[in-house]
Amino acid sequence: MPIALCPRPRPRPDPAPARFTGGRGHALLAALLACTATAAPAFAQSGRSVHPDPPRSVRAAARTTPIVLDGRLDEAAWRAAQPAMDFTQSQPDEGRPATQRTEVRFLYDDEAIWIGARMYDELGAAGIRTRLVRRDREADSDLLSIIFDTYHDHLGRTQFTINPSGVKGDALGPGNAVADPSWDPVWEAATAIDSLGWVAELRIPLSQLRFPRDSLQTWGLQIVRFASRLNERSHWAFWRLNESGGPARYGHLDGLALAASPRRAEVLPYVVARTSHLQPADPNDPFHEDNAGDYRVGADLKVLLTSNLTLDATINPDFGQVEVDPAVVNLTAFETFFEEKRPFFVEGAGVFGFGGFSCFFCSNVSSLNLFYSRRIGRPPQGASLAYDAGDYADVPENTTILGAAKVTGRTAGGWTIGIMDAVTRREHADVARGADQFRLPVEPATNYFVGRVKRDLRDGAMTVGGIVTSVYRDVDDLALAERLTRHAESFGVDLDAWWGERAYRLMVRAAVSQVTGEAAAIRRVQESSARYFQRPDRDRGSNGLFSSAYDTAATALRGYGLYARLAKDAGNWLWETAVNLRSPGFEVNDLAFLSRADYVWMSANVLRQFTTPTRYYRELVLLAGGQQQLNFSGDLTDRQLHAYAGVKLHNYWEISGFYIHQPSTLEDDWTRGGPLVRGAGGWFAQLQVSSDARKAVVLGTFPSISRNEEGALDHSLGLDVTIRPAPNISISLSPSYSHSESSAQYVTAVDDATAAGFFGRRYVFSDLLQKSLSMDTRLNITFTPTLSLELFAQPLIASGRFTNFKEYVAPRRLEKSVYGRAQGTIRAEGTGENREYVVDPDGAGPAQEFRFSDPDFNLRSLRGNAVLRWEYRPGSTLYLVWTQSRSDTAPFGDLDFARDRQALFRAKPDNIFLLKVSYWLGL
């Protein structure tokens, strides 16, 4: 579940870094569509508005003579096919004829679709720019993309991409689902560069495609060519940059006399051998092994149930080839969000997507998502029970997935369907206490279910859909029953509608949730950082159909969520208004990612885009808007005004920047279950600069600065450097440095009956100076289109210095009182990891002293892996993986690069080596 947000000038408990994503006709608006959780699919209205201009068409011919895939269009069959020609530029000269001629021909037989494409270049072979990269990676070279709307519903995308070096890319988006690049069908291609330009021949088996059973068919068709030397993108079916496009504007591929797609089964068995070499641990730990090895076997299965529905199943899956998650420093009460990278769950994920969120500019807001697949196979949630029960514990790293299956597809009647079910094993931990050893359950056997349907209406101008999720845990241990819910269900409906030649759009998503279990488990949910029902100054609420009151005896929690957006998404002037809310009892974290509930968020933006080049720029975007948020008690917890400007220059450099102003607002989560306090207002600004992405060296930078009204200053500088010393080698370096100051960092809370204003507890805050230095490093070497080596490493050094320990003078106030200055006394005792602070909050008064550990920290971390990937035959892959991690902590509190770097490389590493071989069988 993508969560898009902008950094704020005061600390916020948000789980993801600032980012700007999106997808539209031109680059600047794509960069600006900041919170697009799912790319906006293209829809059309019935009648003439499906194709505002008469659609282009090209006719496929039956293949009657043999074809050899060799990158040469010299067979007679190609000459019998009508070519798709006369492309139009979308960049750099929008609306003008393409400067380079392109001809694409289509053939078919009982087994496959054949595509023959000739890309002429006026400089011949000298004009072609190509690179070798891994499949589905950005090639930054000449490209040809063929996109089919196989059901001709003006919604779907089945995309095949090829470059002059034979690098393949593919993506599938049935119905209005987001096109998924993890889809890897088995197809063949051959390319050649010659004196006229370059040639591509493709053979796509019908078994890899989904289409109706009509004897004579028309498919939607788009062809896109990119000529890197000229930075020229040309389209066979053209629409302007300020118009809504997509499948509704595609041309037609006529004349396809196809039988029903062949029934096929694909089996992908695998075997994995793994060895681990871990740093020495406590010699008394009976469970630690410095060196260990194991192996496992499993299989993936794909079966075409009908011409439209596909069954995917996995048995005992292994994801050892997946790139490691980056290290993070999280000082909030909120979970860190990591993207899904496991192939089984990534492929086809768009079909299960719900809660799609879109905005031109917004911050600190999330989509109404009901499915986050990383919940399946998560680390055992009862691990702390094992660590607390003895001196040593051996806890599984992740919960074992016994098996998972999903059915996805699109029916001829316009239904997009996705059903998934997964079962995870009951997990135990071995625990040692003194001379005794025993086992404790740390995760119950669990079943996860997701069902998703969508139906398109009015020729794709409207879609309606629904989703159901369910989690059932077979909890037979009292300790786990008091921590985990037994049942968790959610149900959602969504609506998307377009009108006015698809310039206007209405998005509505609504959902309800329910979790049930033992009273202790439900109390933990009520007291979680998502809602803090126990807050003493909170409205008492009620527990009718939907829960909003704190009830320690409750065995169920129910809530609802809503997101609605009305917008004008096409034209030179754009606007949007949106509302997003979660009731206090809304809870979906058992199978989704929810950082908080209990809020009503609203926003509005106006945007002006200039897509016609002038002497000063190629494209220009200007935006202004604002947003605010209240909790269900009516407390204002967020408000901001913002402005954005972005420009693409004639040399293809892009420059953008934004400014956010925020007044002081109340904070209902900073005391982590205590009463509201007030956060300081402030401002935030960021600049982003990037150079021409086609060059051998590509540079980008994104400095930012913010300041709040209490004087806390943040500033950061990041660089993105991509170096391509050879057509098959890419080096990416992303160093970043951040300096962050907080005037209200939560430290701890202690009971004190004399703190009447805060309901008998003292909430300790501090100033915090946090620094971090990191550099994401990637080296990609592609030897052939099917053999590649990828290396990733992330060194991270971070420090935090806590000073001026303090407490708020009263709830809902901004003023604070520093210990040892304005009130009481504070002293330090001990050194190093044993250092503590002792606080007497009122000096000679009746309050008792309390103490807490010095929270200063230094973190040094290095994570990385190397993956050699070889597709030794179509669909069959060998992985050789080396993963290393090392880390070290210290309580210095300051960042000393020389000292921390030396400590990082002195830390002993954990090394894991893995060999995985899979073999594709098409039955």
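The following refers to the structure shown. (Residues numbered from 1 in each chain as written. Predicted model: local features only at pLDDT ≥ 70, side-chain atom pairs only at ≥ 80, totals over all residues. Heavy atoms only, no water.)

1. Observations concerning the overall build of the protein chain
Basically, it comes down to this: Only DSSP runs of H or I reaching four residues or more are called helices, and only runs of E reaching two or more are called strands; each is numbered from the N terminus. Summary of the burial criterion: residues with accessible area below 20% of their type's maximum are buried, those above 50% are exposed, and those between are partly exposed, where the area comes from a 1.4 Å probe applied to protein chains only. Any two residues having at least one pair of non-hydrogen atoms within 4.5 Å are treated as being in contact. Computed with a 1.4 Å probe, the accessible areas rest on the Shrake-Rupley method; for each residue, only the protein chains presented here act as cover. In this tally, Asp and Glu contribute negative charge and Lys and Arg positive charge; neither His nor the terminal groups of the chain are included. By convention, charge coordinates are those of NZ in Lys, CZ in Arg, CG in Asp, or CD in Glu.
Looking only at helices and strands, the protein chain has eight helices and 48 strands in total. Referenced to the eigenvectors of the C-alpha coordinate spread, the extents of the protein chain come out at roughly 100 × 65 × 60 Å. In the protein chain, which comprises 923 residues, the proportion classed as buried is 53%. At a minimum sequence separation of 6, the contacts of the protein chain that also span at least 24 residues come to 65%. Surface exposure of the protein chain reaches about 36,800 Å², of which carbon and sulfur atoms provide 55%. Charge centroids of the protein chain, computed over 101 positive and 108 negative side chains, lie 5 Å from each other.

2. Considering the pairing of strand 36 (residues 704-708)
The condition that has to hold: The rule for pairing is simple: two strands pair if DSSP sees at least two bridges between them.
Burial along strand 36 is one-sided: the face carrying Ser704, Ser706 and Asn708 is buried and the face carrying Ile705 and Arg707 is not. Pairing of strand 34 (residues 682-690) with strand 36, which is carried by five bridges, proceeds in the antiparallel orientation. Pairing of Phe684 across the sheet is with Ser706, part of strand 36. In the sheet, strand 36 pairs with strand 37 (residues 713-726) via four bridges, with the strands oriented antiparallel. Within strand 37, the residue paired with Ile705 across the bridge is His715.

3. Side note on the sheet that holds strand 4 (residues 102-108)
Spatially, five strands are ordered 2-4-5-10-9 in an open sheet, and the strand pairing comes out mixed. Strand pairing shows two members of the sheet lacking a second neighbour, strand 2 (61-62) and strand 9 (188-194), which therefore form its edges.

4. Section: the pattern of salt bridges
To keep things clear, this is the line we draw: Between Lys or Arg on one side and Asp or Glu on the other, a salt bridge is scored when a side-chain nitrogen of the former is within 4 Å of a carboxyl oxygen of the latter.
The full count for this structure, using the stated rule, is 57 salt bridges. Across the pair Asp153 and Arg410 runs a salt bridge whose closest N-O atoms are separated by 2.5 Å. Of this pair, Asp153 sits in the loop between strand 6 (143-149) and strand 7 (157-162) while Arg410 sits in strand 18 (residues 401-410), placing them 257 residues apart in sequence. Grouping residues by exposure puts Asp153 and Arg410 together as buried. Note that Glu576 is salt-bridged to Arg565, the shortest N-O span being 2.8 Å.

5. Observations concerning the sheet that holds strand 43 (residues 836-840)
Worth spelling out the cut-off: Note on geometry: axes are C-alpha line fits, over the in-contact stretch for helices, and angles between N-to-C directions span 0 to 180 degrees.
Strand order across the open sheet formed by three strands is 42-43-44, with antiparallel pairing between neighbours. Both outer strands of the open sheet, strand 42 (825-829) and strand 44 (850-853), are each paired with one neighbouring strand and no more. For this sheet, the mean inter-axis angle between neighbouring strands, taken without regard to orientation, is 25°. Two strands pair when backbone bridges link them, and strand 43 and strand 44 are joined in this way by four bridges, in the antiparallel orientation. Across the sheet, Tyr837 pairs through a bridge with Phe852, a residue of strand 44.

6. Focus: unusual backbone geometry
Omega for the peptide link from Gln91 to Pro92 comes to 5°, which places this bond in the cis form. Considering the arrangement of structural elements, one finds Pro92 in the loop between strand 3 (88-91) and strand 4. In the Ramachandran plot, Asp136 falls in the positive-phi region, its phi being about 70° despite a non-glycine side chain. The phi angle at Tyr532 is positive, at roughly 50°, despite the residue not being glycine. Take Tyr532: it is sitting in the loop between helix 7 (519-526) and strand 26 (556-568).

7. Considering helix 8 (residues 897-906)
An α-helical turn contains 3.6 residues, so any two residues separated by three or four positions project in the same direction. For the record, the criterion: Read the arc as the range of directions from the helix axis to the C-beta atoms. Within 3.5 Å is the distance limit for a polar contact, defined as a pair of N or O atoms, with the added protein rule that one can donate a hydrogen and the other accept it, and that residues adjacent in sequence qualify only through two side-chain atoms.
Three or more residues of helix 8 are buried, namely Asp900, Ala903 and Leu904. Across the axial projection of helix 8, the buried residues extend over an arc of 105°, all falling on one side. Seen from the buried face of helix 8, the exposed residues on the opposite side, beyond 90 degrees, are Phe905 and Arg906. Among the structural elements, strand 40 (787-808), strand 45 (857-873) and strand 46 (876-890) are those in contact with the buried residues of helix 8. Its side-chain oxygen 3.3 Å from the backbone nitrogen of Ala898, Asp896 forms the N-cap of helix 8.

8. Quick word on the nonpolar core
Rules: Residues grouped as a nonpolar core are buried Ala, Val, Leu, Ile, Met, Phe, Trp, Tyr and Cys residues, joined through side-chain atoms within 4.5 Å.
Counting 34 residues, the largest nonpolar core has Phe106, Phe148 and Ile223 as its most contacted members. Secondary structure elements with two or more residues in this core: strand 4, strand 5 (112-120), strand 6, strand 7, strand 10 (197-205), strand 11 (217-227) and strand 13 (251-256). Here Phe148 is in contact with Phe106, Ile113, Ile115, Gly156, Arg157, Thr158, Phe160, Ile204, Trp219, Gly220, Leu221 and Leu253, once residues within four sequence places are set aside. In terms of nonpolar packing, the next biggest core, distinct from the first, is built from 33 residues, Val351, Leu370, Ala404 and Ala597 among them.

9. Describing helix 7
Buried within helix 7 are the following residues: Ala520, Ala521, Ile522, Val525 and Gln526. Summarising the contacts, the buried residues of helix 7 are in contact with helix 6 (478-481), strand 25 (504-516) and strand 26.

10. Structural notes on the state of the cysteines
To keep things clear, this is the line we draw: The disulfide definition used here is simple: a pair of cysteine sulfur atoms within 2.5 Å.
Using the criterion set out here, one finds one disulfide in the structure. Two residues share a disulfide in this structure: Cys359 and Cys362, whose sulfurs sit 2.0 Å from each other. Taking the torsion about the sulfur-sulfur bond, which here is approximately -70°, the covalent link between Cys359 and Cys362 counts as left-handed. Overall, Cys359 belongs to the buried group, its relative accessible area being 1%.

11. Concerning a nonpolar patch on the surface
Test applied: Without a salt bridge and with relative accessible area above 30%, a residue can belong to a patch; like charges are then joined within 9 Å and nonpolar side chains (Val, Leu, Ile, Met, Phe, Trp, Tyr) within 5 Å.
Taken together, the side chains of Val468, Phe491, Val493, Val512, Leu545 and Phe546 define a hydrophobic patch exposed on the protein surface, amounting to about 490 Å² of accessible area. In this fold, Val468 is placed in strand 23 (residues 462-474).

12. With respect to the environment of Gly414
In this fold, Gly414 is placed in the loop between strand 18 and strand 19 (415-424). A C-alpha to C-alpha distance of 36 Å links Gly414 and Pro66, two positions 348 residues apart in sequence. Aside from chain neighbours lying at most four places away, what touches Gly414 is Lys454, Arg455 and Asp456.

13. Concerning the pairing of strand 39 (residues 761-784)
As paired elements, strand 38 (residues 729-751) and strand 39 share 20 bridges and run antiparallel to each other. From the neighbouring strand, Ile729 faces strand 39, where its bridge partner is Ile781. Relative to strand 40, strand 39 is paired through 16 bridges, and the arrangement is antiparallel. The partner of Leu769 across the bridge, within strand 40, is Arg801. The turn joining strand 39 and strand 40, which pair antiparallel and follow one another in sequence, is formed by two residues.

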